[in-house]
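Chain and residue survey
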Amino acid sequence: MQDRPGATRGVFGVPFGRSQRGEGVAGWAGAMLVEDALWYHVGIWNCLSFSTPPPPPAMVESGLSALGRRQKYVLQSTRALREGERVSVVLSGCGVYDGTEIHEASAILVHLSRGGAEVQMYAPDVPQMHVIDHSKGQPAEAESRNVLVESARIARGKIASLAKLTTADHDAVIFPGGFGAAKNLSTFAVDGKDCKVNREVERVLKDFHKAGKPIGLCCISPVLAAKVLSGAEVTVGHEEEEGGKWPYAGTAGAIKELGGKHCVKEVTEAHVDTKNKVVTTPAFMCETELHNIFDGIGAMVKNVLKLTGK
C-alpha cells in the first residue's frame, strides 16, 4: 500500500497523512490495526487531527463503531491462530513393558508442539496389570502401581483422569503404544481377539468417532480401534516377520480377527482411514533406528492435525 502524499510513519511503520495523524492513545490504537482500517475510517482521524474541522457526530459514531468491530476481528483472528488444535493424549503408564512406550510419547508431544497444538494428557485411574522390572524384563511380584500415577511421570505431573476427557474440550485424541495399551487399556496381551477394552477407553474412542474427530494410534494401540470401531482400517506395519525386522507381525492377523482391516505400511509411513478418521503408524512394531520411528509418528500426527479441519 502506497503512502498518501505528505504522509509520515508512526511507531509501527503505518503511514499517517498529515491531516490524519492521530495523537495520543487514539493514534496508538489505530497504528496497531491493519492499514485499510485506517483509511476506510478516515473520518475518525480527521476528527482527531488539529488541521481539519470535525465531521458530523453521526460519522464519528459510525467510524468508532466500525473501528471497534475491526479491532475485535483482528484480536479474535490472532487468538485463533495462537490456540491451534486441542489434542488429548492418552497414556497407559510409564515404561514399554508395562505402560506407555516413552520414546513414542515424547515423539508425539514434539510433533504436536511443532504443529502448534495445545496438549492435555490423560490416563485411566486404575491399577496396572502388573509391574515389570525393566532392567530384567521380569515381573516384580511384590509391587503394584497405578496407571494414572505412573503416567504422570511422562506428563511432568500435568495429567488428568481419563474419566474427565470429553470431545467438547478437544479436537483429536492420540494413543501412544507400549505394552500398557495391551495390558492396562485392554486385555489384548492376555486374551488376544477375545480381549476387553477399558470402559473409559472404549467410551473415548466411540465418542470421538461419533463426533467425527480424528483418532491417532501407534505401535500396538491400533488394536484398540480395531476392537471398538468395527471395520476400521489400521496398520501395525508388515504381516510377516521378515527375519525379525517385524517381530510382532502376528498382530496384523489378530486385527483382522477383531473385525478391523489391516493395511501394510512402512515404519516411516502412516495409514489414514478417511472414513473413520483413524490414523495409525507402526512405530516400535518394527526393529529399526529411532529416527525412522520418529518420522513415522510425525506422519501420523501431521495427518491427525490435518483431519481436524483447522
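Our structure's up above, just so we're on the same page.
Residues numbered from 1 in each chain as written. Predicted model: local features only at pLDDT ≥ 70, side-chain atom pairs only at ≥ 80, totals over all residues. Heavy atoms only, no water.

1. Considering the pairing of strand S9 (residues 215-218)
- Side-chain alternation along S9 places Ile215 and Leu217 on one buried face and Gly216 and Cys218 on a second face that is also buried.
- With three bridges joining them, strand S8 (residues 172-175) and S9 adopt parallel strand pairing. The partner of phenylalanine 175 across the bridge, within S9, is leucine 217. (Buried < 20%, exposed > 50% of the residue type's maximum accessible area, 1.4 Å probe, protein only. Helix = DSSP H or I, 4+ residues; strand = E, 2+ residues; numbered from the N terminus. Pairing = 2+ DSSP bridges.)

2. Structural notes on helix H5 (residues 102-114)
- Between its first and last C-alpha atoms H5 spans 18 Å; for 13 residues at 1.5 Å apiece the expected length is 18 Å, and the two agree.
- Residues Glu104, Ala105, Ala107, Ile108, His111 and Leu112 constitute the buried set of H5. The buried residues of H5 occupy an angular sector of 160° when projected down its axis, which confines them to one face. Looking at H5, the residues exposed on the side facing more than 90 degrees away from the buried face are Ser113 and Arg114.
- At the N-terminal boundary of H5, the capping side chain belongs to glutamate 101, with an oxygen 2.8 Å from the backbone nitrogen of histidine 103.
- Glycine 116 sits one or two positions beyond H5 and adopts a positive phi of about 80°. (Expected span 1.5 Å × (residues − 1). Arc of directions from axis to C-beta. Polar contact = N/O pair within 3.5 Å; in protein donor to acceptor, adjacent residues only side chain to side chain.)

3. What about the pairing of strand S13 (residues 278-281)?
- Across the two faces of S13 the burial is the same, with Val278 and Thr280 and Val279 and Thr281 all buried.
- Of the pairings in the sheet, the one linking S9 to S13 comprises four bridges and is parallel in character. Bridge assignment links isoleucine 215 to a residue of S13, and that residue is valine 278.
- Direction of pairing for strand S12 (residues 271-273) relative to S13: antiparallel, over a ladder of three bridges. The partner of aspartate 273 across the bridge, within S13, is valine 278.
- A loop of four residues connects S12 with S13, the two strands running antiparallel in sequence, and lysine 277 in this loop sits at a positive phi of about 55°.

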